[in-house]
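The primary structure of each chain is shown beneath.
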Amino acid sequence: PVVVLGKSESAVSAMVQTLSVFVPGHSSNHQILGWFSKPLNITHLARLKLVGLKRGPGNVIPRSVRSYVSIFDYDASTLTTPPYKGNHVNSIVRRQNKWKDDRSYLAHVHSVFLEMASKAFLFFHNFCLNSPNLTRSDDKSQPKEGLQSRATKVGFLARIGVVDCDVAIIEVIVVQVVKKER
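Caption draft 1: Broad picture of unusual backbone geometry. The phi dihedral of Ser-77 falls on the positive side, at around 55°, and the residue is not glycine. With respect to the secondary-structure elements, Ser-77 resides in the loop between strand E4 (70-73) and strand E5 (78-80). Among the residues examined, Ser-77 registers a relative accessible area of 56% and is labelled exposed. The phi dihedral of Asp-164 is positive, around 55°, even though this residue is not glycine.

Caption draft 2: Representation of the nonpolar core in the model. Phe-123, Cys-128, Leu-157, Ile-170 and Val-174 are the most contacted members of the largest nonpolar core, which has 16 residues in total. Sorting the residues of this core by element identifies helix H4 (102-126), helix H5 (147-159) and helix H6 (166-181) as the ones contributing at least two each. Within the second largest apolar cluster, twelve residues are counted, among which are Phe-36, Leu-45, Leu-48 and Ile-61.

Caption draft 3: Local environment of helix H1 (residues 9-19). Those residues of H1 that fall on the buried side of the exposure criterion are Ala-11, Val-12 and Val-16. Looking straight down H1, one finds that the buried residues subtend no more than 135° of arc, so they occupy a single side. Of the exposed residues in H1, the ones pointing more than 90 degrees away from its buried face are Ser-10 and Gln-17. Those residues of H1 that are buried lie in contact with strand E1 (2-6), strand E2 (32-36) and strand E3 (50-54).

Caption draft 4: Layout of the side chain of Ser-70. Relative to the helices and strands, Ser-70 resides in strand E4. Among all residues touching Ser-70, those that are not within four sequence positions of it are Pro-1, Val-2, Val-3, Thr-80, Thr-81 and Pro-82.

Caption draft 5: Main features of the sheet that holds E1. Pairing is mixed across the open sheet formed by five strands, whose spatial order is E2-E3-E1-E4-E5. Looking along the sheet, the strands with just one partner apiece sit at the ends: E2 and E5. Pairs of neighbouring strands in the sheet enclose a mean axial angle of 15°, with direction left out of account. For E4 and E5, the ladder comprises three bridges, and the chain directions are antiparallel. Considered in E5, the bridge of Ile-71 is made with Thr-80. Contacts from H1 reach E1, E2, E3 and E4, with the element oriented near 170° to E2.

Caption draft 6: Quick peek at the packing of aromatic side chains. Evaluation of the coordinates by the stated rule reveals five aromatic pairs. With a centroid separation of 5.6 Å and an interplanar angle of 15°, the aromatic rings of Phe-123 and Phe-127 are classed as stacked. One aromatic cluster is present, built from ring pairs that chain together Phe-123, Phe-127 and Phe-156.

Caption draft 7: A look at the side chain of His-44. In this fold, His-44 is placed in the loop between E2 and E3. In this structure, His-44 is in contact with Phe-36 and Pro-39, ignoring residues within four places of it in sequence.

Caption draft 8: Up close: the pairing of E3. Across the five residues that make up E3, a large majority, four, are buried. As paired elements, E1 and E3 share five bridges and run parallel to each other. Residue pairing for E3: Val-3 is matched across the bridge by Val-51. Direction of pairing for E2 relative to E3: parallel, over a ladder of three bridges.

What counts and how
- Residue positions are given per chain, counted from 1 along the sequence in the order it is written.
- Side-chain atom pairs in this predicted model are given and counted only at pLDDT of 80 or more, local residue features only at pLDDT of at least 70, and totals for whole chains, interfaces and linings cover all residues.
- In computing side-chain properties, one takes all heavy atoms of the structure into account and sets aside hydrogens as well as water.
- Strands are runs of DSSP state E lasting at least 2 residues, helices are runs of H or I lasting at least 4, and numbering of each runs from the N terminus.
- A 1.4 Å probe rolled over the protein chains alone gives each residue an accessible area, and that area as a share of the maximum for its type sets the label: buried under 20%, exposed over 50%, partly exposed in between.
- As used here, the term nonpolar core means buried Ala, Val, Leu, Ile, Met, Phe, Trp, Tyr and Cys residues forming a set that is joined through side-chain atoms within 4.5 Å.
- Directions pointing from the helix axis toward each C-beta atom define the arc.
- Note on contacts: a residue pair qualifies if any of its non-hydrogen atoms lie within 4.5 Å across the two residues.
- Between any two strands, pairing holds if DSSP finds at least two bridges.
- Throughout, an axis means a line fitted to C-alpha atoms (over the contacting stretch in the case of helices), and angles, computed between N-to-C directions, take values from 0 to 180 degrees.
- Stacked, tilted and edge-to-face are the three classes applied to pairs of Phe, Tyr and Trp rings, where Trp contributes its six-membered ring and a pair requires centres within 6.5 Å; stacked means planes under 30 degrees apart, edge-to-face means over 60, and tilted covers the rest.

Written as structure tokens, this is what we have:
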């Protein structure tokens, strides 16, 4: 989840509204809250993807929550995120790449997205279709994924070059496609 932290309700709510287009399935209102004036706790993370949070002395984000959320401080214009290990996002934001113009950079971003989509396709068609319970991790009626099936899934993804945090990105892509197909 992403937390937009700030003093001004109107400014924070506007930023949340702007960022909401990047939330998969953003038409669900329970995933996005423009302004939340209560302290955030770990149980809120299960249903929230994007939330505007009032900055104040009684509204500190606990350490247990900080390790699971990205915090955009609207007033200070800073972003604090959990550490990322992977290839896809690093390829997009790497400063070593010198781009002649914006179109070249955008073409590179599109190629990274295409690579991610291709790997999600391979993962879904070669692995998930043979393991139907693994594509429904959000469905409470399905049994939880076991450690052995998790290791098998991670092993398959590693063989196609998906490691570390990129595993979660590919899983989200697959889950979103499965939801749209239902």
